[in-house]
Amino acid sequence: MQADKNRTVYLKDYRPTDFIIETVDLVFDLGETMTTVGSQIRMRRRPGADPSAPLIFDGDGLALSGLALDGKPLLPERYDSNANRLTIRDLPEDGAFTLTIKTRINPTANSQLLGLYRTNGIYSTQCEAEGFRRITYFYDRPDVLAVYTVTIIADEKTCPLLLSNGNLVEEQRLDDGRHMARWHDPFPKPSYLFALVAGDLSMIEDRFKTMSGRDVTLRIYVEHGKAGRAGYAMDSLKRAMKWDEERFGREYDLDIFMIVAVSDFNMGAMENKGLNIFNDRLILADPETATDDDYARIEAVVAHEYFHNWTGNRITCRDWFQLSLKEGLTVYREHEFSADERSRPVVRVEEVKFLRAHQFPEDGGPLAHPVRPTEYVEIDNFYTTTVYEKGSEVSRMIATLLGPEGFRKGLDLFFERHDGGAVTIEDYLTCFEEATGHDLTHFALWYHQAGTPVISVDSAYDEEKAELRLTLGQKTPATPGQRIKKPLHIPLRVGLIGPNGDDMEASAISGGAHRKDVLELTQDEQTFVFEGIGARPAISVNRDFSAPVRVRFDQSREDRLRIAGAETDLVARWDTVNALALEALVRAAENVKAGQPVTVDAGLSAVLVATAEDETLEPAFRALALALPSELDIGREIGANVDPDAIHTARKTVIRAIAETGCETFVRLATGMDTLSAFSPDAASAGRRALANAALALAAAAENTPARASRAYQAADNMTDMLAAMRVLAHQFAGSDEAEDALSDFRRRFAGEPLVLDKWFSTLATVPGGQTLERVASLMGDTAFDETNPNRVRALIGAFASSNPTGFNRPDGAAYDFFADFILTSDRRNATLTARLMTAMRSFEALEPQRRALARKAIERIAGHDDLSRNLRDIVDRMLK
Ligand code: PHE
Ligand code: ZN
């Protein structure tokens, strides 16, 4: 990870390789500390390439132990090699040859979890984005597609299972207690989709019949003893396969599809062809150990990785600048799947919350970058919410502009034209243009311009003319390296709500293009005129969150209350309720800071209580309304000179007041959970639990005693309810006997369940207040904590740094120092993980001056070390710029 320390890679420098790889034959002889990798590569010179050009392969920390060309060992004067590069000169005239490369690697020493690594007795690989070069020298880039045959040799006792991509073609027992398996993947693929797994695991198996009648074997591999927890992932997989056939006409293409769950994994999951590798927290679930949120995540990620088989694998990226081509589109497909499987508006609200909590701050901070960046220092640092979630929003906007049929037509053309290709975002957009006749030239700016647009709204109603004039403005704030911003092509879905709460329909709309109720904003400012509007409507802007923008609309309170009570678009309705609460919380924080009393107006409490009680709304939606904006949400809304302690006090006071007003309702809803029958993870049941648990937090706040939550903890018969009750105890009644009892009971009960203990670590790490630092520091010594395991690190250190505003931002800066120390040690072990962890501090400039200065000092201390990984160096340098 130290290679070419300060290289910057530019999109404009893209050029194809001089040579084409046809086939790759890999032979792995697996040994714990010494694995040899033999690679036989059939190549030819690309037509038109310079015949004198050398062959230059990537490597990363490799040791070369053999090199031959067409079977003959290569003389030293024909090549140069170091750990990070292999250069071969004077290649055969006719340009066709076979290269044989031998490397030696140590999977046990691989703490980066990139390349081939061995943890817990399991060998597994992670090659995206540039991990294959840690296995052997290669063209480790996504536009080099080859057909792979993989032979794995290993000890039969410790590694009865030998897996790679594609189909198993041969198995053999060898004499010395070892055995071998050979896999062949007929689909040409880039190196980042290569995978190998070896070890001893349990498995569950199922089958799926595809739309054309082919039988596919489905297997999920998990640690021994955990097979009973893989059922929901399997069920999700089958539903995802069916959905992709029905919704997008996409059929699976191999005879077998495998998923392996591993416990040490840097990210969520990986779409390797035919052999997905997952972080086990995104596979394993049963009612006793997984929450409803876990179930929903598992369903979504299993689907996401499966959907990559077409969007990512069959059609891949030309270069890593195009990452959103596969990730943005696949997230969009995943979101649509969740919406179809669950409640569409609830799923959408959750997406909006996520975008605002993660992508907007990224887009508004020092790490902002376009969905398609033009340069990077370390590609690992670009697996961001901008590339993923904003990229998804951009595809969603295309669907909004073109309509569902237009979107499907464009995507069909994309699959037909580019199957087997490594393509660009332009190629993607061209398909929609050609399939529908729409011009997306202006729209394409969404990929290239960073920053979250701010939409201003102004309205004027003329009763005599029955006319509404809506003036929309847009402005995108400057971002690093992009000072001047142009207006974007923004689809804004707008609703007009009449005095009786009904939707009003305009007889005509002028002032710009529109598709039904979707206005197309293309200029800095535009006035749309709605005719035939008989009464002054309440205007609902950005229904269904049709565009990833902020809206500034100085709307009357009556209009907002009308929307909060009657809007049929539930996303906009939630948004208004949430905005009213957020405003009250911001005002309260200002009051606390100014030493003034906090007051909560009755209107807000009334809206929340009414929403909670409204039986026409689904429970999951009511739960969302009751989950008031978090301290982090409030801090982001304030945006500058943020004082986390004032926010904490304000929020507590406001919640207490609301809870007291609606106490009876919340108590009733909270006790509703006792009457729920046997656990089922479906969305409706999960929604009922979510409502009961949101109500529990409020009822407990009103009663101001831990008794109710303590009873709920003891009565809980599933992890969702148990964790919810424990969090109420730990966060609202920190230090009480009830809280400590529940926490130690939980620790004892799940002593052998690392994934469950992650919930315990996170709960403790997010207890508000300055004393949590000491607790976190001592938890690092807990026998269940393991600083080499990414899930443990994220659960404890990650949760503390990113989700505990009062604890992490202790006024004395001690938590920043603690974090900086951790970062510096962790960086040597696992650079990818550490750089991601570091982004928790990206918004430090928004803090009040004293904390801001202390935070800066801690970041500068990290930056002052000259032996940082490229990953961490890139992040801290951009943060300090
Ligand atoms: N490509 C994976 C996904 O989003 C994410 C990932 C990236 C995993 C890099 C590991 C390493 O589906
Ligand atoms: Zn993905």
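Since this is a predicted model, take the numbers as computed values, not measurements. (Residues numbered from 1 in each chain as written. Chains lettered and ligands numbered in written order. Predicted model: local features only at pLDDT ≥ 70, side-chain atom pairs only at ≥ 80, totals over all residues.)

Enquirer: Would you mind going over the overall build of the protein chain with me for this structure?
Expert: For the protein chain, the count of helices and strands is 26 helices and 33 strands. Over its C-alpha trace the protein chain gives a radius of gyration of 28 Å, about what one expects of a compact globule, namely 29 Å for 881 residues. If one aligns the C-alpha atoms of the protein chain with their principal axes, the spans along those axes are about 85 × 65 × 60 Å. For the protein chain, contacts bridging at least 24 residues in sequence account for 71% of all contacts bridging at least 6. (Helix = DSSP H or I, 4+ residues; strand = E, 2+ residues; numbered from the N terminus. Rg over C-alpha atoms; globule rule 2.2 N^0.38 Å. Contact = placed C-beta atoms within 7 Å.)

Enquirer: Help me out: how do you make sense of the confidence of the model for the protein chain in this one?
Expert: Reading predicted coordinates in detail is not appropriate for stretches of low pLDDT. Of the residues in the protein chain, 99% reach a pLDDT of 70 or more, and the chain-wide mean stands at 97. This prediction of the complex comes with two scores: 0.99 for pTM and 0.99 for ipTM. (pLDDT = per-residue confidence, 0-100.)

Enquirer: Quick question: what am I supposed to make of the UniProt feature "domain: Aminopeptidase N-like N-terminal" (unreviewed entry) in the protein chain here?
Expert: Under the UniProt annotation, "domain: Aminopeptidase N-like N-terminal" (unreviewed entry) lies at residues 92–193. This span, residues 92–193, is 0% helix and 52% strand, and a straight line between its end C-alpha atoms measures 30 Å. (UniProt positions renumbered as here; feature names shortened; annotations may be inferred.)

Enquirer: How should I be thinking about the site of ligand 1 in this particular structure?
Expert: Every residue close to ligand 1 is listed here: Gln-126, Glu-128, Ala-129, Met-267, Ala-269, Met-270, Glu-271, His-304, Glu-305, His-308, Glu-327 and Tyr-383. Where the shell around ligand 1 is concerned, the elements lending two or more residues are β20 (269–270) and α2 (292–307). A breakdown of the residues in the shell around ligand 1 according to their chemical character gives 5 nonpolar, 3 polar and 4 charged. (Near = placed C-beta within 6 Å. Nonpolar A, V, L, I, M, F, W, Y, C, P; charged D, E, K, R; others polar.)

Enquirer: Hey, could you run me through the sheet that holds strand β14 (residues 167–173) in this one?
Expert: In a beta sheet, neighbouring strands are held together by backbone hydrogen bonds and run either parallel or antiparallel to one another. If you trace the 8 strands from one edge of the open sheet to the other, you get β6-β5-β9-β3-β2-β12-β15-β14, paired in mixed fashion. Across the chains shown, the open sheet's two edge strands, defined by having one partner strand only, are β6 (72–73) and β14. Sheet topology places strand β2 (residues 19–29) next to strand β12 (residues 146–155); 7 bridges connect them, and they run parallel. Bridge assignment links Asp-25 to a residue of β12, and that residue is Thr-149. (Pairing = 2+ DSSP bridges.)

Enquirer: Just checking my understanding: could you explain the sheet that holds β20 for this structure?
Expert: Taken in spatial order, the 5 strands line up as β17-β18-β19-β21-β20 in an open sheet, and their pairing is mixed. Each having just a single partner strand, β17 (202–209) and β20 make up the two edges of the open sheet. Pairing between strand β18 (residues 215–222) and strand β19 (residues 256–262): 5 bridges, direction parallel. Within the sheet, the bridge partner assigned to Leu-218 lies in β19 and is Phe-257. Where helix α1 (residues 231–248) meets the sheet, it contacts β17, β18 and β19, and its direction lies at approximately 20° from that of β17. (Axes fitted to C-alpha atoms, helices over the stretch in contact; angles between N-to-C directions.)

Enquirer: What exactly am I supposed to notice about the pairing of strand β16 (residues 196–199) here?
Expert: Looking down a regular strand, the side chains alternate between one sheet face and the other. With burial as the criterion, each face of β16 is covered, one bearing Leu-196 and Ala-198 and the other bearing Val-197 and Gly-199. Direction of pairing for strand β13 (residues 161–164) relative to β16: antiparallel, over a ladder of 4 bridges. For Ser-164, the partnering residue across the bridge sits in β16 and is Leu-196. (Buried ≥ 20, exposed ≤ 12 C-beta atoms within 10 Å, placed from the backbone.)

Enquirer: Even after reading the chapter, I still don't get the environment of Arg-651, so can you show me in this structure?
Expert: Relative to the helices and strands, Arg-651 is located in helix α13 (residues 644–661). Sequence separation between Arg-651 and Asp-215 is 436 residues, and the spatial gap between their C-alpha atoms is 55 Å. Every residue in contact with Arg-651, bar those within four places of it in the chain, is listed here: Leu-585, Glu-631 and Ile-634.

Enquirer: How should the nonpolar core be read in this particular structure?
Expert: General note: in soluble globular proteins, nonpolar side chains tend to be found buried as a group. By size, the foremost hydrophobic cluster in this structure holds 262 residues, and its most contacted members are Val-260, Ile-283, Ala-695 and Leu-696. When neighbours within four sequence positions are excluded, Leu-696 is seen to be in contact with Ala-670, Arg-708, Ala-709, Ala-712, Ala-724, Ala-725 and Val-728. (Core = buried A, V, L, I, M, F, W, Y, C linked by C-beta atoms within 7 Å.)

Enquirer: What's the story with helix α26 (residues 870–880) in this structure? I'm lost.
Expert: Residues spaced three or four apart along an α-helix face the same direction, because each turn holds 3.6 residues. Most of α26 is tucked away, with 8 of its 11 residues classed as buried. Every buried residue belonging to α26 is among Arg-870, Asn-871, Leu-872, Arg-873, Asp-874, Ile-875, Val-876 and Met-879, and all of these are buried. Its buried side turned inward, α26 meets α23 (814–829), α24 (831–838) and α25 (849–863).

Enquirer: Explanation requested: the packing of helix α4 (residues 344–363) against helix α5 (residues 385–418) in the structure shown.
Expert: For any two helices packed against each other, the geometry is given by the interaxial angle and the distance between the axes. Two elements in contact, α4 and α5, have axes separated by 10 Å at closest approach and are oriented at 125°. With respect to each other, α4 and α5 are oriented oblique. The crossing of α4 and α5 is left-handed. Two secondary-structure elements touch here, α4 through Phe-354, Leu-355, His-358, Gln-359, Glu-362 and Asp-363 and α5 through Thr-385, Thr-386, Glu-389 and Lys-390. Here the residues of the contact of α4 with α5 sort into 2 nonpolar, 4 polar and 4 charged. (Parallel < 35°, antiparallel > 145°, perpendicular 65-115°, else oblique. Left-handed = near helix turned anticlockwise from the far one by under 90°.)

Enquirer: What is the right way to read the packing of helix α3 (residues 323–341) against α5 from this model?
Expert: At their nearest, the axes of α3 and α5 sit 7 Å apart, and the two run at 70° to each other. Between α3 and α5, the crossing angle belongs to the class labelled roughly perpendicular. Listed contacts from α5 to Leu-323, Ser-324, Glu-327, Gly-328, Leu-329, Val-331, Tyr-332 and His-335 of α3 are Val-387, Tyr-388, Glu-389, Gly-391, Ser-392, Val-394, Ser-395 and Arg-396. Class assignment for the residues of the contact of α3 with α5 results in 7 nonpolar, 6 polar and 3 charged.

Enquirer: Could you clarify how one ought to interpret the pairing of strand β5 (residues 63–69) in this entry?
Expert: As paired elements, β5 and strand β9 (residues 96–105) share 6 bridges and run antiparallel to each other. For Leu-67, the partnering residue across the bridge sits in β9 and is Ile-101. Across 2 bridges, the pairing between β5 and β6 is antiparallel. What sits directly across from Ala-68, in β6, is Pro-73. Taken together, β5 and the strand that follows it, β6, pair antiparallel across an intervening segment of 2 residues, in which Asp-70 is found at a positive phi of about 45°.

Enquirer: Help me out: how do you make sense of the environment of Ile-259 in this one?
Expert: Topologically, Ile-259 is positioned in strand β19. In the structure, Ile-259 is positioned 121 residues away from Phe-138 in sequence and 26 Å away in space, judged by C-alpha atoms. Ignoring anything within four residues of it in the chain, the contact list for Ile-259 reads Ile-220, Ala-233, Asn-276, Phe-278 and Ile-283.

Enquirer: Sorry if this is basic, but what is going on with the environment of His-514 here?
Expert: Within the secondary structure, His-514 is located in strand β29 (residues 514–515). Classification of His-514 as partly exposed rests on a count of 18 C-beta atoms within 10 Å. Each C-alpha atom of the pair His-514 and Phe-528 lies 9.6 Å from the other, and the pair is 14 residues apart in sequence. Other than its neighbours up to four places away in sequence, His-514 contacts Ile-509, Leu-519 and Glu-520.

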